[in-house]
Amino acid sequence: MNQKITILGAGSWGTALAILAARNGCQVLLWGHNPHHIALLAKQRQNRRYLPELNFPDTINVTDNIKDAAQFSDLILVCVPSQVFKQTLLALYPHCTARITVAWATKGFNPDDGCLLHEVVADIFGAHTPAALLSGPTFAREVAADLPTAITIAANQAEFANHLADIFHSNRFRTYTSTDLIGVEVGGAVKNVLAIAAGIADGLGFGANTRAALITRGLNEIIRLGVQLGGKQETFMGLAGLGDLILTCTDNQSRNRRFGLALGQGKNKDDIIKEIGQEIEGISAAKETHLLALKYGIDMPITEQTYKVLYEQLAPQTAVQNLLSREPKSEASD
Ligand SMILES: NC(=O)C1=CN([C@@H]2O[C@H](COP(=O)(O)OP(=O)(O)OC[C@H]3O[C@@H](n4cnc5c(N)ncnc54)[C@H](OP(=O)(O)O)[C@@H]3O)[C@@H](O)[C@H]2O)C=CC1
Ligand SMILES: O=C(CO)COP(=O)(O)O
């Protein structure tokens, strides 16, 4: 495949997807904002800070220059955290051609206004620009280690989703396409909040029953919000919904789950963030999801209690008590 691709974000996920694309025959330019870090990647041909012990294929080059990144390819894949998604695209925009196509693998909301990231892309590049999101149960380390993985690629144009599916698909990385950008985005953003909640429960010493209840009732919260925002119900039963929710709520590779675990064990929030040393998207997503739930009048009790633990110093034990003391209700009710 003679495809060129620019990947923005030299953290764990950007690096893993760069390795995957290069293995599939693409020429990759990996951009990172930190010149010192990028110089190390160029010298060591590894990303030791975020994805140690994995050598870069020869077809990966690196840069800290956003203009070079824009000019390398008309296919951009954004893998920076949601907090800096908009500012990264604004920096890229002036250097792009009219043929630009934009994909992203970031999971989260735009922090200022709670917008979905496809809205940010449309605002900057125009609604007709091909736009797509890659999302699903995909730990970076496992993808880079070539362990079997499946992902959903949702796009505003079916042709663009198919193109990306061809680029990333291999016999170790299975791609499924979707037209439900909103559903896939909401699934990926909100599961991080629930992974924090599941971690808190485990950190408090609760068992498998509690975790399964949180995952199932959490899925209900994702569906209620996602459908309200325009997502399709069936999307939430797929890889980018239930699939990613199970992954991050149950496996300690998840930084969101590990963050929750440590909170449940009584550790200090800032100390845990420092110790994990990587992006924990659920912290900001808890706030944005809670605000969206308030805005639309949607009942999201697990999200609400997680928000209060993170932003209102509510003790995790009290949050659980608040959830358990709710009135019994029909499982089917909204
Ligand atoms: N890791 C995973 O398994 C997966 C992650 N994702 C999603 O991918 C996104 C990125 O996460 P991930 O790669 O894991 O995070 P990491 O913590 O591994 O890396 C974050 C990267 O973002 C960079 N960064 C920080 N600030 C800026 C900025 N202002 N401009 C440009 N880059 C910046 C960091 O650079 P620096 O080192 O200088 O701080 C670092 O390279 C998140 O939305 C996450 O949810 C999705 C699926 C899987
Ligand atoms: O999104 C992910 C896997 O699909 C990564 O999860 P964490 O950000 O919790 O590590």
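An unreviewed UniProt entry annotates the chain as Glycerol-3-phosphate dehydrogenase [NAD(P)+] originating from Crenothrix polyspora. Per UniProt, the chain carries the Subcellular location (unreviewed entry) text "Cytoplasm". One UniProt comment on the chain, placed under Pathway (unreviewed entry), says "Membrane lipid metabolism; glycerophospholipid metabolism."

Asks: How do you make sense of the overall build of the chain when you look at a structure like this?
Replies: Looking only at helices and strands, the chain has 15 helices and eight strands in total. For 334 residues, the compact-globule estimate of 2.2 N^0.38 gives 20 Å, and the C-alpha radius of gyration of the chain, at 19 Å, lies within 12% of that figure. Projecting the C-alpha coordinates of the chain onto the three principal axes gives extents of approximately 60 × 40 × 35 Å. Among the 334 residues that make up the chain, the fraction classed as buried is 51%. Look at the contacts in the chain between residues 6 or more apart in sequence, and 72% of them connect residues 24 or more apart.

Asks: Would you mind going over the sheet that holds strand S1 (residues 4–8) with me for this structure?
Replies: Paired through backbone hydrogen bonds, the strands of a sheet run either parallel or antiparallel to each other. Read across the sheet, eight strands follow the order S3-S2-S1-S4-S5-S6-S7-S8 without closing on themselves; strand pairing throughout is mixed. Taken across any chain shown, the strands that pair with only one partner, and hence form the sheet edges, are strand S3 (60–63) and strand S8 (173–178). Neighbour to neighbour, the strand axes of the sheet diverge by 25° on average, direction disregarded. The strands that helix H7 (residues 158–168) touches are strand S5 (101–104), strand S6 (131–135), strand S7 (149–155) and S8; relative to S7, the one it contacts most, it runs at about 155°. Helix H8 (residues 181–203) rests against S6, S7 and S8 of the sheet, and its axis sits at about 40° to S6.

Asks: What's the story with the site of ligand 1 in this structure? I'm lost.
Replies: Around ligand 1, 27 residues are found, and the nearest of them are Gly 11, Ser 12, Trp 13, Ala 140 and Gln 278. Ranked by residue count, the leading element in the shell around ligand 1 is helix H1 (residues 12–23), at three residues. Counted by class, the shell around ligand 1 contains 10 nonpolar, 14 polar and three charged residues. Both domains that meet at the shell around ligand 1, namely domain 1 (4–179) and domain 2 (190–325), each give it at least three residues.

Asks: Just checking my understanding: could you explain the packing of helix H13 (residues 281–296) against helix H14 (residues 301–311) for this structure?
Replies: Two packed helices can be described by the angle between their axes and the distance between those axes. At a minimum axis distance of 9 Å, the contact between H13 and H14 shows a crossing angle of 130°. As the angle between them shows, H13 and H14 are arranged oblique. For the pair H13 and H14, the crossing hand works out as left-handed. Contacts between H13 and H14 involve Ile 283, Ala 286, Lys 287, Thr 289, His 290 and Ala 293 from the former and Thr 303, Glu 304, Thr 306, Tyr 307, Leu 310 and Tyr 311 from the latter. Among the residues forming the contact of H13 with H14, the class breakdown is six nonpolar, four polar and two charged.

Asks: Would you explain the pairing of S5 in this entry?
Replies: Regular strands place their side chains on alternate faces of the sheet. Residues of S5 alternate between two faces, with Thr 101 and Ala 103 on one and Val 102 and Trp 104 on the opposite face, all of them buried. Where strand S4 (residues 75–78) lies against S5, four bridges are found, and the strand directions are parallel. The partner of Val 78 across the bridge, within S5, is Trp 104. Bridge count for S5 against S6 is three bridges, and the pairing is parallel. By the bridge assignment for S6, Val 102 is matched with Ala 131.

Asks: Before we go on, may I ask you to explain the UniProt feature "domain: Glycerol-3-phosphate dehydrogenase NAD-dependent N-terminal" (unreviewed entry) in the chain in this structure?
Replies: Per the UniProt record, "domain: Glycerol-3-phosphate dehydrogenase NAD-dependent N-terminal" (unreviewed entry) is found at residues 4–160. Its end C-alpha atoms 15 Å apart, residues 4–160 is made of 34% helix and 22% strand.

Asks: What's the story with the site of ligand 2 in this structure? I'm lost.
Replies: Contacts to ligand 2 come from 13 residues, most closely from Thr 138, Thr 248, Ser 254, Arg 255 and Asn 256. Sorting the residues of the shell around ligand 2 by element identifies H8, helix H10 (239–250) and helix H11 (255–264) as the ones contributing at least two each. When its residues are assigned to classes, the shell around ligand 2 shows four nonpolar, five polar and four charged. When residues of the shell around ligand 2 are sorted by domain, at least three fall in each of domain 1 (4–179) and domain 2 (190–325).

Asks: Help me understand the UniProt feature "domain: Glycerol-3-phosphate dehydrogenase NAD-dependent C-terminal" (unreviewed entry) in the chain, please; the structure alone is not making it clear to me.
Replies: UniProt tags residues 180–321 as "domain: Glycerol-3-phosphate dehydrogenase NAD-dependent C-terminal" (unreviewed entry). For residues 180–321, the helix share is 76%, the strand share is 0%, and the end-to-end C-alpha distance is 36 Å.

Asks: Whenever I open this one, the confidence of the model for the chain confuses me. Can you help?
Replies: Caution applies to low-pLDDT regions: their predicted coordinates should not be interpreted in detail. Looking at the chain as a whole, its pLDDT mean stands at 97, while 99% of the residues score no less than 70. With a pTM of 0.98, the predicted complex shows an ipTM of 0.99.

Reading guide: rules and limits
- Residues numbered from 1 in each chain as written.
- Chains lettered and ligands numbered in written order.
- Predicted model: local features only at pLDDT ≥ 70, side-chain atom pairs only at ≥ 80, totals over all residues.
- UniProt positions renumbered as here; feature names shortened; annotations may be inferred.
- Helix = DSSP H or I, 4+ residues; strand = E, 2+ residues; numbered from the N terminus.
- Rg over C-alpha atoms; globule rule 2.2 N^0.38 Å.
- Buried ≥ 20, exposed ≤ 12 C-beta atoms within 10 Å, placed from the backbone.
- Contact = placed C-beta atoms within 7 Å.
- Pairing = 2+ DSSP bridges.
- Axes fitted to C-alpha atoms, helices over the stretch in contact; angles between N-to-C directions.
- Near = placed C-beta within 6 Å.
- Nonpolar A, V, L, I, M, F, W, Y, C, P; charged D, E, K, R; others polar.
- Domains from an automatic or database assignment.
- Parallel < 35°, antiparallel > 145°, perpendicular 65-115°, else oblique.
- Left-handed = near helix turned anticlockwise from the far one by under 90°.
- pLDDT = per-residue confidence, 0-100.

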